[in-house]
Amino acid sequence: MLDSDVRCLVVVGSQWGDEGKGKLVDVLAKDADWIARYQGGANAGHTVRVGEQQYILHQIPSGILYPGKHCVLGNGMVLDPVTFFDELDELKGRGYEVEDRILISTRAQLVLAYHKLLDRAEEQSRGDAAIGTTGRGIGAAYEDKVARAGIRVADLSNRERLRELLEAGAARAQAKLRALGSDETVDVEALYDELSSLAERLLPMACDVGLALSRALDRGEKVLLEGAQGSMLDVDHGTYPFVTSSPTVAGAATTGVGLGPTVIDAVLGVVKAYTTRVGNGPLPTELPPAEADHLRELGAEYGATTGRPRRTGWFDTPVVRYAARINGLTALAVSKLDVLDTLPEIKLAVNYRLGGDTLEEFPADLSRLTELEPVYETMPGWRTSSAEARRLEDLPATARAYLDRISELTGLPIRFVSVGRRRAQIIEVGG
Ligand code: GDP
Ligand code: IMO
Ligand code: MG
């Protein structure tokens with residue numbers, strides 16, 4: 001599945017997250033040696049199906065379900081050590097040997113209980129302008145990181161320093177909570193005790209992951225850099241302020257693991273055959289309620305992390321065209337084609353109209369988005385199951401025409417088409 005000349009591949013969500021990155025990374029991991037997450041934290045929910053079993057990975061890379069693969073949590077991540085061990089223990093309980101295969105960056109920031117309190121308090125204070133975060137403390141942890149007030153994995157190895165940092169971090173958080181009108185209190189002693197005991201288990205996995213990855217690349221091993229969220233949730237390039245707090249794009253992949261950008265050989269953009277978004281903020285191709293509900297049911301579109309219903313809409317070319325440019329995509333993986341199997345017709349937005357202008361890409365200024373109108377093209381549906389297709393030729397001509405149109409409009413080759421949750425339900429194009 002991985003091209004022989006590709007040593008380092010970035011797999012990046014190219015809409016608003018939940019594009020099916022977990023499934024794709026799992027499939028590609030078969031041919032890789034290392035799989036690394038480079039940003040985000042437990043806000044991610046990456047679903048992988050192995051046989052009859054389903055796994056939802058939040059912080060552990062999606063390559064973990066293949067035995068022998070090394071999985072890396074990069075310095076660009078914000079690591080929640082409590083839920084990390086819940087995830088790890090669940091995998092162990094389900095028969096996976098994982099501890100010896102996980103490497104955690106000593107430079108990764110920690111998400112602590114007070115970050116989660118702050119996340120919730122900040123959301124509440126936003127009222128109608130709430131972002132609809134996952135409540136996992138992500139924004140507050142990244143805020144502390146850039147404020148140079150965060151606590152890193154490396155700090156766990158010096159208990160005295162850890163206590164000092166925790167006292168300062170907790171005091172900072174407590175003041176912010178008060179200012180936000182929250183009456184929650186931060187218990188430093190409880191936090192210190194919890195972290196001290198988690199440190200015993202965590203530190204043996206901690207190392208300079210950039211060094212480990214660069215040595216692996218030197219030995220000719222293959223590395224997948226697994227994005228979380230999606231381009232439209234990127235803190236710079238997404239629908240700001242309705243974004244996550246990290247850079248999600250491929251440009252962040254190497255800084256997030258401690259490599260240099262020249263190691264990247266290819267960038268695979270994962271997109272659904274339609275569009276979804278969970279949380280608030282613009283979604284230009286969003287369907288009216290009844291149709292949105294229908295597509296949500298067809299695609300089982302409920303958040304893998306929070307269980308929230310996902311908003312649904314037609315494929316949005318300006319979004320993916322924009323993602324192609326800002327990520328430097330070399331190819332697309334189109335997921336969930338099977339979800340459209342029963343629809344009599346399928347629409348896709350080719351451009352936007354804004355005032356008298358035609359826009360080819362997503363605009364920066366959200367204040368004008370209410371005036372923005374997607375320009376749709378309608379294509380016939382195929383009304384046949386695509387779930388058993390394993391080669392492009394197995395798909396009905398109308399389904400191939402839809403994929404060809406996506407490829408033409410985005411200017412990108414389609415390398416993979418996913419037609420179901422299972423590992424085998426994948427079409428490799430030109431492989
Ligand atoms: P991620 O965050 O990008 O990894 O995506 P999620 O796991 O949050 O959401 C994708 C959902 O679609 C999961 O429930 C997957 O099991 C499911 N899925 C992935 N690929 C396909 C596909 O090709 N067809 C169908 N029907 N479901 C898929
Ligand atoms: P994966 O990796 C979809 C969304 C939240 C909210 C915004 C900010 O599974 O694709 P945050 O908790 O990050 O501060 O929330 O970002 N969001 C996601 N949406 N998939 C994700 O991850 C997401 N992670 C965060 O819903 O709108
Ligand atoms: Mg997800």
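Residues numbered from 1 in each chain as written. Chains lettered and ligands numbered in written order. Predicted model: local features only at pLDDT ≥ 70, side-chain atom pairs only at ≥ 80, totals over all residues. Heavy atoms only, no water.

Caption draft 1: Spatial organisation of the domain arrangement of the protein chain. Splitting the protein chain by domain gives domain 1 (8–104 + 204–268), domain 2 (109–202) and domain 3 (271–428). Taking the mean C-alpha position of each, domain 1 and domain 2 sit 23 Å from one another. Listed as interface residues are 28 residues of domain 1 and, on the opposing side, 22 residues of domain 2. In total, about 2,000 Å² of surface goes out of reach between domain 1 and domain 2, with carbon and sulfur atoms giving 63% of it. Among the residues domain 1 hides against domain 2, the three largest losses belong to V78, P81 and F85. Together they make up 27% of the total. Summed over the shared surface of domain 1 and domain 2, the result is three salt bridges. Of the charged contacts in the structure, one is a salt bridge between D80 and K116, with a shortest N-O distance of 2.7 Å. Counting the contacts that link domain 1 with domain 2 gives 10 residue pairs in polar contact (both at pLDDT 80 or more). Broken down by secondary-structure element, the contributors of at least two residues to the side of domain 1 that touches domain 2 are strand 6 (78–79) and helix 2 (81–93). Sorting elements by how many residues they give to the side of domain 1 that touches domain 2 places helix 2 first, with six residues. (Domains from an automatic or database assignment. Contact = heavy atoms within 4.5 Å. Buried area = accessible area lost by both parts, 1.4 Å probe. Salt bridge = Lys/Arg side-chain N within 4 Å of Asp/Glu carboxyl O. Polar contact = N/O pair within 3.5 Å; in protein donor to acceptor, adjacent residues only side chain to side chain. Helix = DSSP H or I, 4+ residues; strand = E, 2+ residues; numbered from the N terminus.)

Caption draft 2: The arrangement of helix 10 (residues 317–327) in detail. Of all 11 residues in helix 10, 10 are buried; the element is thus mostly enclosed. Of the residues making up helix 10, those classed as buried are T317, P318, V319, V320, R321, Y322, A323, A324, I326 and N327. Just beyond helix 10, the residue with positive phi is G328, at close to 65°. (Buried < 20%, exposed > 50% of the residue type's maximum accessible area, 1.4 Å probe, protein only.)

Caption draft 3: A look at the side chain of Q59. Relative to the assigned elements, Q59 resides in the loop between strand 4 (53–57) and strand 5 (70–73). Judged by its relative accessible area of 0%, Q59 falls in the buried class. Among the polar contacts listed, one links the side chain of Q59 to the side chain of T83, at a separation of 3.1 Å. Beyond its immediate chain neighbours, meaning those up to four positions away, Q59 contacts R37, G41, A42, L73, M77, V78, L79, D80, T83, F84 and E87.

Caption draft 4: Representation of the site of ligand 2 in the model. The environment of ligand 2 is made up of 20 residues, and the closest members are D18, K21, H46, T134 and T244. Separating an oxygen atom of ligand 2 from a side-chain N or O atom of T134 is a distance of 2.6 Å. Between an oxygen atom of ligand 2 and a main-chain N or O atom of V278, the distance comes to 3.0 Å. When isolated, ligand 2 has an accessible area of 540 Å², and the protein chains bury 98% of it. (Near = heavy atom within 4 Å. Areas by Shrake-Rupley, 256 points an atom, 1.4 Å probe, with all protein chains shown as cover.)

Caption draft 5: Just the layout of surface pockets, in detail. In this structure, the largest pocket occupies an estimated 860 Å³ of space. Taken together, 49 residues form the lining of the largest pocket, with N43, I138, V243, T244 and S245 sitting closest to its centre. Residue assignment for the lining of the largest pocket shows that the elements contributing at least two residues are helix 3 (113–126), helix 4 (138–146) and helix 8 (251–255). For the lining of the largest pocket, the element with the most residues is helix 4, which contributes seven residues. By volume, the second largest pocket is sized at about 480 Å³. Residue lining of the second largest pocket: 27 residues in total, with G20, T47, R310, K336 and R421 positioned closest to the centre. If you list the elements that add at least two residues to the lining of the second largest pocket, you get helix 1 (21–29), strand 3 (46–50) and strand 4. (1 Å grid on protein atoms, 1.4 Å probe; cavity = no way out; pocket = protein on both sides within 12 Å on 5 of 7 lines; lining within 4 Å. Points joined across faces, edges and corners; volume = space filled by probe spheres on them.)

Caption draft 6: Focus on the nonpolar core. One finds L225, L337, L340, F362 and Y402 to be the most contacted residues of the largest nonpolar core, which totals 73 residues. Both domains that furnish three or more residues to this core are identified here as domain 1 (8–104 + 204–268) and domain 3 (271–428). If sequence neighbours within four positions are ignored, L340 has contacts with A273, Y274, L295, I346, W382 and Y402. Counting residues in each nonpolar core, the second largest holds 65 residues, with L110, L166, A170 and A331 among its members. (Core = buried A, V, L, I, M, F, W, Y, C linked by side-chain atoms within 4.5 Å.)

Caption draft 7: Geometry of the site of ligand 1. K21, G22, T47, D338 and S418 are the nearest of the 17 residues found near ligand 1. Taking E19, its main chain carries an N or O atom lying 3.0 Å from an oxygen atom of ligand 1. When the free accessible area of ligand 1 is taken as 580 Å², the share hidden by the protein chains comes to 94%. Counting atoms within 2 Å of the grid points, the majority share of ligand 1 lands in the second largest pocket. Residue composition of the shell around ligand 1, grouped by class: three nonpolar, seven polar and seven charged. No fewer than three residues from each of domain 1 (8–104 + 204–268) and domain 3 (271–428) sit in the shell around ligand 1. (Sits in = over half its atoms within 2 Å of the grid points. Nonpolar A, V, L, I, M, F, W, Y, C, P; charged D, E, K, R; others polar.)

Caption draft 8: Quick look at the sheet that holds strand 9 (residues 206–207). Read across the open sheet, the 10 strands follow the order 9-7-5-2-10-1-11-15-19-20; overall the sheet is mixed. Two strands close off the open sheet at either side, each with one partner strand: strand 9 and strand 20 (426–428). In the sheet, strand 19 (residues 414–418) pairs with strand 20 via three bridges, with the strands oriented antiparallel. Across the sheet, residue V417 finds its bridge partner in strand 20, namely I427. (Pairing = 2+ DSSP bridges.)

Caption draft 9: How the structure looks around the coordination of the magnesium ion (ligand 3). For the magnesium ion (ligand 3), the full set of protein donor atoms is D18 (OD) and G45 (O), and the range of their distances to it is 2.1 to 2.2 Å. In this pair, D18 sits in the loop between strand 1 (8–13) and helix 1 while G45 sits in the loop between strand 2 (34–37) and strand 3, placing the two residues 27 residues apart along the sequence. Relative accessible area serves as the criterion here: at 11%, G45 is assigned to the buried category. (Donors = N, O, S within 2.8 Å, 3.2 Å for Na, K, Ca; no water.)

Caption draft 10: Here's a closer look at unusual backbone geometry. Geometrically, the link from Y240 to P241 is a cis peptide bond, its omega value of 5° lying close to zero. Examined against the element boundaries, P241 turns out to sit in the loop between strand 10 (223–226) and helix 8. The phi torsion at D18 lies on the positive side, around 60°, for a residue other than glycine. Although it is not a glycine, Q229 sits at a positive phi angle of roughly 55°. Relative to the assigned elements, Q229 resides in the loop between strand 10 and helix 8.

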